[in-house]
Amino acid sequence: MKSWILHILVNAAAIIIVGALFASVTIDGFGGALLAAFILSILNAIVRPILVVLTLPITVVTLGLFLFIVNAITLAMTDAFLGSTFEIASFGMTIVAAILISLINLVLNSFIKE
């Protein structure tokens, strides 16, 4: 439980960093980023595995690159659930944001010792 909360905080920090880097990603403060990180973690636990299985053939053909699109879809779903609290301007920007959030999470999680 403690690890899950810590990963949500790290994900919220990554969302804030991406929001600060791009004007087309808008977040209503740390609370909005925390809520977005929470919903994104729930979608990653429930919806993402289903999407990965359904898109397995195209993922194999693209040598795994389609997983970036799956991550962008879950991020777009988070955007749709939160309305004006968390908004991304276009799907192209959603793909870029998903890649950057993944990279920032990778870096920040490397500093966390479990």
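Residues numbered from 1 in each chain as written. Predicted model: local features only at pLDDT ≥ 70, side-chain atom pairs only at ≥ 80, totals over all residues. Heavy atoms only, no water.

Hey, could you run me through the overall build of the protein chain in this one?
Counting secondary structure elements, the protein chain contains 5 helices and 2 strands. Mapped from its N terminus to its C terminus, the protein chain presents α and β elements in the order α-β-α-α-α-β-α. In terms of overall dimensions, the protein chain is globule-like: its C-alpha atoms have a radius of gyration of 14 Å, near the 13 Å expected for 114 residues. Classification of the 114 residues of the protein chain by burial places 32% in the buried group. In the protein chain, the proportion of contacts linking residues at least 24 apart, taken out of those at least 6 apart, comes to 62%. Within the structure as shown, the protein chain displays about 6,500 Å² of accessible surface, and the carbon and sulfur contribution to it stands at 77%. (Helix = DSSP H or I, 4+ residues; strand = E, 2+ residues; numbered from the N terminus. Rg over C-alpha atoms; globule rule 2.2 N^0.38 Å. Buried < 20%, exposed > 50% of the residue type's maximum accessible area, 1.4 Å probe, protein only. Contact = heavy atoms within 4.5 Å. Areas by Shrake-Rupley, 256 points an atom, 1.4 Å probe, with all protein chains shown as cover.)

Whenever I open this one, the environment of A76 confuses me. Can you help?
The topology assignment puts A76 in helix 4 (residues 66-82). Overall, A76 belongs to the partly exposed group, its relative accessible area being 25%. Taking C-alpha positions, A76 is 15 Å from G32, a pair spaced 44 residues apart along the chain.

What's the story with the nonpolar core in this structure? I'm lost.
Considering soluble globular proteins, one finds that nonpolar side chains tend to be buried as a cluster. Judged by nonpolar contacts, the single largest core of 22 residues is most densely connected at I15, V18, V25, L75, F86, I88 and I101. Sorting the residues of this core by element identifies helix 1 (2-21), helix 2 (29-54), helix 4, strand 2 (86-88) and helix 5 (91-110) as the ones contributing at least two each. (Core = buried A, V, L, I, M, F, W, Y, C linked by side-chain atoms within 4.5 Å.)

Explanation requested: the packing of helix 1 against helix 5 in the structure shown.
For the pair helix 1 and helix 5, interaxial distance at closest approach is 9 Å and the crossing angle is 130°. By the criterion of interaxial angle, the relationship of helix 1 to helix 5 is oblique. Helix 5 is crossed by helix 1, and the crossing has right-handed handedness. For the pair helix 1 and helix 5, contact is made by H7, V10, N11, A13, A14, I15, I17 and V18 and by A97, L100, I101, I104, N105, L108 and N109, respectively. (Axes fitted to C-alpha atoms, helices over the stretch in contact; angles between N-to-C directions. Parallel < 35°, antiparallel > 145°, perpendicular 65-115°, else oblique. Left-handed = near helix turned anticlockwise from the far one by under 90°.)

Which parts of the structure should I look at to understand the side chain of T59?
With respect to the secondary-structure elements, T59 resides in helix 3 (residues 56-61). According to the relative accessible area criterion, T59 is buried, its value standing at 9%. Setting aside anything within four residues of it in sequence, one finds T59 in contact with G64, F66 and L67.

It is not clear to me how the environment of G29 should be interpreted in this structure. Could you clarify?
Along the chain, the position of G29 falls in helix 2. C-alpha of G29 to C-alpha of I16: the two residues are 13 residues apart in sequence and 8.1 Å apart in space.

Honestly, the packing of helix 1 against helix 2 in this entry has me stumped. Any pointers?
Where helix 1 contacts helix 2, the axes come no closer than 8 Å and their chain directions differ by 120°. One finds that helix 1 runs oblique with respect to helix 2. For the crossing formed where helix 1 meets helix 2, the hand is right-handed. Contact residues: helix 1 offers W4, I8, L9, N11, A12, I15 and I16, while helix 2 offers F30, A33, L34, A36, A37, F38, L40 and S41. Across the contact of helix 1 with helix 2, the residue classes tally to 13 nonpolar, 2 polar and no charged. (Nonpolar A, V, L, I, M, F, W, Y, C, P; charged D, E, K, R; others polar.)

Interpretation in functional terms is not warranted from these geometric data alone.
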